[in-house]
Amino acid sequence: PRKKEKLGVALVGLGGYSRGRLAPGLQKTEHCELRGIVTGSPEKIPVWQNKYNIPDANVYSYDTMHELANNDDIDIVYIVVPTGLHAKYSIRAAEAGKHVWCEKPMAMDVEECQSIIDATNKNGVQLSIGYRMQHEPNTKTIMKYAEEETYGAVTGVKTGAGYNGSHPEGDWRLDAELGGGALYDMGVYPINAARYSTQMEPIAVSGKQSTKRPEMFHEVDETTVFELEFPGGVMAQGETSFGKSMNYLDVDCTDGWYNLRPFQSYSGVQGETSDGMQLPPDPNHQQARQMDNEALAIKEGRAPIVPGSEGLKDIRIVRAIMESSEKDEARIE
Ligand code: NDP
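Residues numbered from 1 in each chain as written. Predicted model: local features only at pLDDT ≥ 70, side-chain atom pairs only at ≥ 80, totals over all residues. Heavy atoms only, no water.

## Focus: the pattern of salt bridges
Here is the rule: Salt bridges are counted wherever a side-chain nitrogen of Lys or Arg sits within 4 Å of a carboxyl oxygen of Asp or Glu. When a residue's accessible area, from a 1.4 Å probe over protein chains only, is under 20% of the maximum for its type it is buried; when over 50% it is exposed; and in between it is partly exposed.
Under the defined criterion, the tally for this structure stands at 13 salt bridges. Among the ionic pairs, Arg 213 bridges to Glu 222, the shortest N-O distance being 2.6 Å. Like Arg 213, the residue Glu 222 is buried in the burial classification. Here Glu 239 ties to Lys 244 by a salt bridge, and the two come within 3.0 Å at their closest N and O atoms.

Take a look at the structure:
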């Protein structure tokens, strides 16, 4: 039947990212399509049903989402709620026997990440993390440069992601328990980039968290700077902020350099190399490409492009940065 052609996706959490990027992306995908919604906001239901032709049988609340187990229309459940709730609903989706896509950052700590991985393994379903950059052509090119040492071995990385903005009171991005703060929200981009641009895992981590607007950021960081040391003394300097607009990934190598500026924009990633090569932006819809790649992996029974371990490794670094920042503060007092 229909299922043989495209896999059915249910979006869990109909906020800004689901509405603005994922649902539109799922209108462009070849291997999957939007078929269901899980929401805690009844007023959103008719709007989404009308816009995307979603039948009553494919509409769930967080309390009824375990009933997805009885719905063959849905193959994949995409968790797009605040980060502090990723583990809870990812596990619920896995236990309903559905493949799980979980947004970045994967979860609050390593234990939560591992519990998602365990639940998907136990239920024999796939797990992928919503790192769209790892599907992006120019990003893949620089990953290959590192692997093949096209410009020599990587000697250092500088990377930052942030925007200058305000969050309204009550926004989960200001709430520590729900996974707010610049480091979780935006910091995983430079962390992930430091790892994919070196193709190595760090052996030492340090960092410092701060805020210039304590009236807004009293529970979470507004800004975090960090340093990752990789084997061979290769250093990555990273920064992330809700108070400063930035979007860069600069890589130095023994025989040259290259960059991606911006390195994580929806509208395209572009860069240049020390020998004058341009890496022009790719016009394709990033989220559509990400979801199609991962849907095809499921259809073909292959491992996901961005498995759960990718999310876990970044969260381990996030926690080490937080710990380092706390220790430093203790030393000053
Ligand atoms: P929003 O605040 O816009 O939406 C979150 C949605 O989650 C809400 O609309 C709500 O949907 C649901 N929700 C369930 N419980 C809660 C709760 N306790 N508090 C608030 N919302 C709740 O967030 P975003 O859409 O921007 O982000 C969602 C996730 O997507 C995050 O993990 C974020 O990191 C990730 N993201 C990823 C991006 C990427 O480029 N990969 C870009 C942007 C976000 P409902 O009313 O339907 O229940």
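From this point, things continue past the structure.
## Points about the nonpolar core
As a reminder, the rule being used: For the purposes of this section, nonpolar cores are sets of buried Ala, Val, Leu, Ile, Met, Phe, Trp, Tyr and Cys residues that join through side-chain atoms within 4.5 Å. Only DSSP runs of H or I covering at least 4 residues are called helices, and only runs of E covering at least 2 are called strands; the numbering of each starts at the N terminus. Start and end points for every domain follow an automatic or database-based domain assignment. The contact definition used throughout considers only heavy atoms, calling two residues in contact when any of these lie within 4.5 Å.
Ranked by internal contacts, the top residues of the largest apolar core, which has 74 residues, are Met 65 and Leu 249. Among the elements that take part in this core, helix α7 (residues 182-198) stands out by supplying 10 residues, more than any other. In terms of domain composition, this core takes at least three residues from each of domain 1 (2-132 + 288-306) and domain 2 (137-281). Apart from residues no more than four positions distant in its own chain, Leu 249 is found in contact with Ile 142, Val 157, Lys 158, Thr 159, Ala 193, Tyr 196, Ser 197, Tyr 258, Asn 259, Leu 260 and Phe 263. Grouped together as the second largest cluster of nonpolar side chains are 22 residues, Leu 11, Tyr 17, Ile 54 and Met 291 included.

## Remarks on the layout of surface pockets
Quick note on the threshold: In this analysis a 1.4 Å probe is tested at points of a 1 Å grid over the protein atoms alone, and where it fits but cannot get out there is a cavity; an open set with protein on both sides within 12 Å along at least five of seven lines is a pocket; lining residues have an atom within 4 Å of a point. Grid points are joined across faces, edges and corners, and a volume is the space filled by probe spheres set on the points. Lys, Arg, Asp and Glu make up the charged group, whereas Ala, Val, Leu, Ile, Met, Phe, Trp, Tyr, Cys and Pro make up the nonpolar group; the residues left over, Gly among them, are polar.
Taken as a whole, the largest pocket spans an internal volume of roughly 520 Å³. Taken together, 25 residues form the lining of the largest pocket, with Tyr 17, Lys 104, Arg 173, Asp 185 and Tyr 266 sitting closest to its centre. Contributing elements (two or more residues each) for the lining of the largest pocket: α2 (16-25), β7 (154-164), α7 and β11 (243-253). It is α7 that provides the largest number of residues to the lining of the largest pocket, a total of 3 residues. Residue composition of the lining of the largest pocket, grouped by class: 11 nonpolar, 9 polar and 5 charged.

## Describing the pairing of strand β2 (residues 32-38)
We apply this condition: We treat two strands as partners when DSSP finds at least two bridges between them. By the criterion used throughout, a crossover qualifies as right-handed when its path from the first strand across the helix to the second strand runs clockwise, the strands pointing away from the viewer.
Burial analysis of β2 places 7 of its 7 residues in the buried class, which makes it a mostly covered element. Inspection of the sheet shows strand β1 (residues 7-12) paired to β2 by 6 bridges, in the parallel sense. Each residue of the ladder has a partner; that of Leu 7, found in β2, is Cys 32. Each parallel crossover has a hand, and the one from β1 via α2 to β2 is right-handed. The pairing of β2 with strand β3 (residues 59-60) spans 2 bridges and is parallel. What sits directly across from Ile 37, in β3, is Val 59. Once the chain exits β2 it traverses helix α3 (residues 44-52) before rejoining the sheet at β3, and the crossover so formed is right-handed.

## A closer look at the site of the ligand
Which entries qualify depends on this criterion: When at least one non-hydrogen atom of a residue lies within 4 Å of a molecule or strand, that residue is treated as near it. N or O atoms closer than or at 3.5 Å make up a polar contact, with two conditions inside protein: a donor-capable atom paired with an acceptor-capable one, and, for residues adjacent in sequence, both atoms drawn from side chains. Using a 1.4 Å probe, the Shrake-Rupley method yields the accessible areas, and only the shown protein chains count as cover for residues. Those molecules having more than half of their atoms within 2 Å of a cavity or pocket grid point set are described as sitting in that cavity or pocket.
Residues in close proximity to the ligand total 26 residues, the closest being Thr 39, Ser 41, Lys 44, Tyr 62 and Arg 132. Between the ligand and the protein, one listed contact pairs an oxygen atom with a side-chain N or O atom of Tyr 62 at 2.5 Å. Coverage of the ligand by the protein amounts to 80% of the 890 Å² it exposes when considered alone. Here the ligand occupies the largest pocket. Counting only elements with at least two residues in the shell around the ligand, the list comes to α2 and α7. Its residues assigned to classes, the shell around the ligand shows 11 nonpolar, 9 polar and 6 charged. Both domain 1 (2-132 + 288-306) and domain 2 (137-281) contribute no fewer than three residues apiece to the shell around the ligand.

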